[in-house]
Amino acid sequence: MDEVIQVTHWLSSITPRKKAKLFFFTTHADAPSPMVGSNDVDTHEETQLPLATTVALHNFKNIDEFLKKKVNTFSCYNVIENEITKTDYEYLRFYSACKYLDVVPPFLDLEKISAIQNKFEMTDEERDYRLLLDSADLVLEKVCDSLKPAGVSQMWTALRKDRNLIRGVKTIDIIGFFVDPNPTGIKECLFFFIVRFLQKADKINRVNTNRLERLIAQCDESSSCEEGKTIDFIIDSLRFYPTELYPFGFCLIMCVIEGRDGAMQEIEKTMEISRHLGMITHTEKNPTKETIELVKKELMKPKYQFYSSFTCWFMSHGDSNSMVLADGETIEREWFLTSFPDISTFQLKPKVFFMVSCRGANKFSLKGDEFEGQSATCDYYDIGSALIRNRMLDITDSVRDISYVQPMMDTLVAYSTILDHLSGRANTHGSIYVDRACVLMSENISRGRSLTETLEHLSQDLHEILQETMDEDRIVYKQACHYDSFFRKTLKLPYTRHPKEDVHSAPQ
């Protein structure tokens, strides 16, 4: 069959809603950079004009032409062996979106996809199409599905009122002020236009969604939400880090085995829980400084841009400032923690570090300790919320910026003990902190709990356990863990998403 006829037949088999979603996923806003052949000259035209004309004319002709152009480009594309190009990235995104929506063209060259994945040095686990989908776009898709056409229309009206934001934007004028979003697929096109417009204007990204939340908050709940949804529910869904589908993220496990009884048990437990959470895992036994530098270099490779989160377990001996490596050398804990979050492949994504080592020799001994309870009451905070709001600053959009981000933002560091204190171990099972953390994360996977809620539960659980030093003094003590968070959203633990257990159903 002639290729033109094949493409035409393929497009005619896709519903308008799926066409809108395929266009949205394919014109991903945060493509990795720098990429060979990426000049962003026609980005505005590609991502906004077809959506604008579709909404204005109730005609999918321009989106069809865009998809035809993509298919033709991929058909003629020759995969270069060494360098990763913009087309490589787009090909993988297009394929994964088609697979997700269950609209894969029968004529798509899967051998080219495999060749591109080889260029990215993807393992067998990483060739799962779900890794290639952008989790932030999937969250936005769900938001769109939760809104009725009237709700998206109300968002558009609210956006049009912000004259400073829309001034001089031709695609805004193409759509016009009043829109009929009821024809099939038009609601999706209008919503995705709003999203891509705000992204290109640097008003929202995968972490900063306040501007979009404010548009949704102006909708009338009775007419804007699909059955069973509320405005609060929709806005809340934007306040979690986007970690949809499999994998939940990449997990790096570094464990010093030498001189640490039960270390192999620690590795087994952390590997088991990371896989149970749906992470792709890499383990480094007995790491050295050279190992750490090699791992950091590895994590800078383009394929890691597809991951939606990063978790690191580092288990070793240590003191208040440093950690002991396998060769006896030490590294500063602060250096380790500040060097990983700065890796560009994981910017704007949650990064979690579990630092499992002693931070000193002190212990919270129970012998002879007395606790005196104290309580205090104060009416200082008994102030009406309206009064508080009236006394607060009026922060306008003109003094907000989401372009520049401190490297440590979106990072959480969980410590197995507090500063200057011991981190307890069991002879055969290794770190007690690791054991309890893995148990509690496993228990909370299907309960919709966040990571920080689980860490708070862990803090309570660990501090109830009586431990005993392994020296001749046999001192009974308690251990207190804690975490430092630079998170800007909530990181929810996923439902079990092991690839063998995940049954995918295509969206409508």
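Residues numbered from 1 in each chain as written. Predicted model: local features only at pLDDT ≥ 70, side-chain atom pairs only at ≥ 80, totals over all residues. Heavy atoms only, no water.

- The protein carries the name Caspase in an unreviewed UniProt entry, which gives Penaeus japonicus as its organism.

Concerning the overall build of the protein
Moving on, step 1. Counting its regular elements, the protein contains 21 helices and 13 strands.
Moving on, step 2. The 508 residues of the protein split such that 50% are buried.
Moving on, step 3. By sequence separation, contacts in the protein at least 24 residues apart represent 79% of the contacts at least 6 residues apart. (Helix = DSSP H or I, 4+ residues; strand = E, 2+ residues; numbered from the N terminus. Buried < 20%, exposed > 50% of the residue type's maximum accessible area, 1.4 Å probe, protein only. Contact = heavy atoms within 4.5 Å.)

Considering the nonpolar core
Moving on, step 1. Trp-10, Phe-191, Phe-336 and Phe-340 are the most contacted members of the largest nonpolar core, which totals 103 residues.
Moving on, step 2. The biggest single contributor to this core is helix H12 (residues 186-200), with ten residues.
Moving on, step 3. Core analysis: the second largest hydrophobic core is formed by 35 residues, Phe-248, Cys-255, Ala-437 and Met-441 among them. (Core = buried A, V, L, I, M, F, W, Y, C linked by side-chain atoms within 4.5 Å.)

Side note on helix H13 (residues 210-217)
Moving on, step 1. Those residues of H13 not exposed but buried are Arg-211, Leu-212, Glu-213, Leu-215 and Ile-216.
Moving on, step 2. Contacts from the buried residues of H13 go to helix H8 (135-146), helix H9 (149-160), helix H10 (163-166), H12 and helix H15 (231-237).

Looking at the pairing of strand S3 (residues 310-315)
Sheet faces and side chains relate simply in a regular strand, where the side chains alternate between the two faces.
Moving on, step 1. By the criterion of burial, S3 is predominantly enclosed, with six of the six residues buried.
Moving on, step 2. Of the two faces of S3, both are covered, the one formed by Phe-310, Cys-312 and Phe-314 as well as the one formed by Thr-311, Trp-313 and Met-315.
Moving on, step 3. Bridge count between strand S1 (residues 249-255) and S3: six bridges; the pairing is parallel. The residue of S3 that forms the bridge with Cys-255 is Met-315.
Moving on, step 4. Where S3 meets strand S6 (residues 351-356), six bridges bridge the pair, whose relative direction is parallel. From the neighbouring strand, Thr-311 faces S6, where its bridge partner is Val-352. (Pairing = 2+ DSSP bridges.)

As for the UniProt feature "domain: Caspase family p10" (unreviewed entry) in the protein
Moving on, step 1. What UniProt calls "domain: Caspase family p10" (unreviewed entry) maps, in this numbering, to residues 410-443.
Moving on, step 2. Helix makes up 35% of residues 410-443 and strand 26%, with an end-to-end C-alpha separation of 25 Å. (UniProt positions renumbered as here; feature names shortened; annotations may be inferred.)

Observations concerning the packing of aromatic side chains
The description of two aromatic rings rests on the distance between their centres and on the angle between their planes.
Moving on, step 1. Summed over all chains, the structure comprises 28 aromatic pairs.
Moving on, step 2. Summarising the aromatic geometry, the rings of Phe-310 and Phe-346 are spaced 5.1 Å apart at their centres and angled 45 degrees between planes, so their arrangement reads as tilted. Of this pair, Phe-310 sits in strand S3 while Phe-346 sits in the loop between helix H18 (333-339) and S6, placing them 36 residues apart in sequence.
Moving on, step 3. Residue classification places Phe-310 among the buried positions, given a relative accessible area of 2%.
Moving on, step 4. With a relative accessible area of 2%, Phe-346 lands in the buried category.
Moving on, step 5. Each ring, one from Phe-340 and one from Phe-353, has its centre 6.2 Å from the other, and the planes form 65 degrees; the classification is edge-to-face. Linking Phe-340 in the loop between H18 and S6 with Phe-353 in strand S6, this pair joins segments that are 13 residues apart in sequence.
Moving on, step 6. The exposure class assigned to Phe-340 is buried, which follows from its relative accessible area of 3%. (Phe/Tyr/Trp six-rings, centres within 6.5 Å; stacked < 30°, edge-to-face > 60°.)

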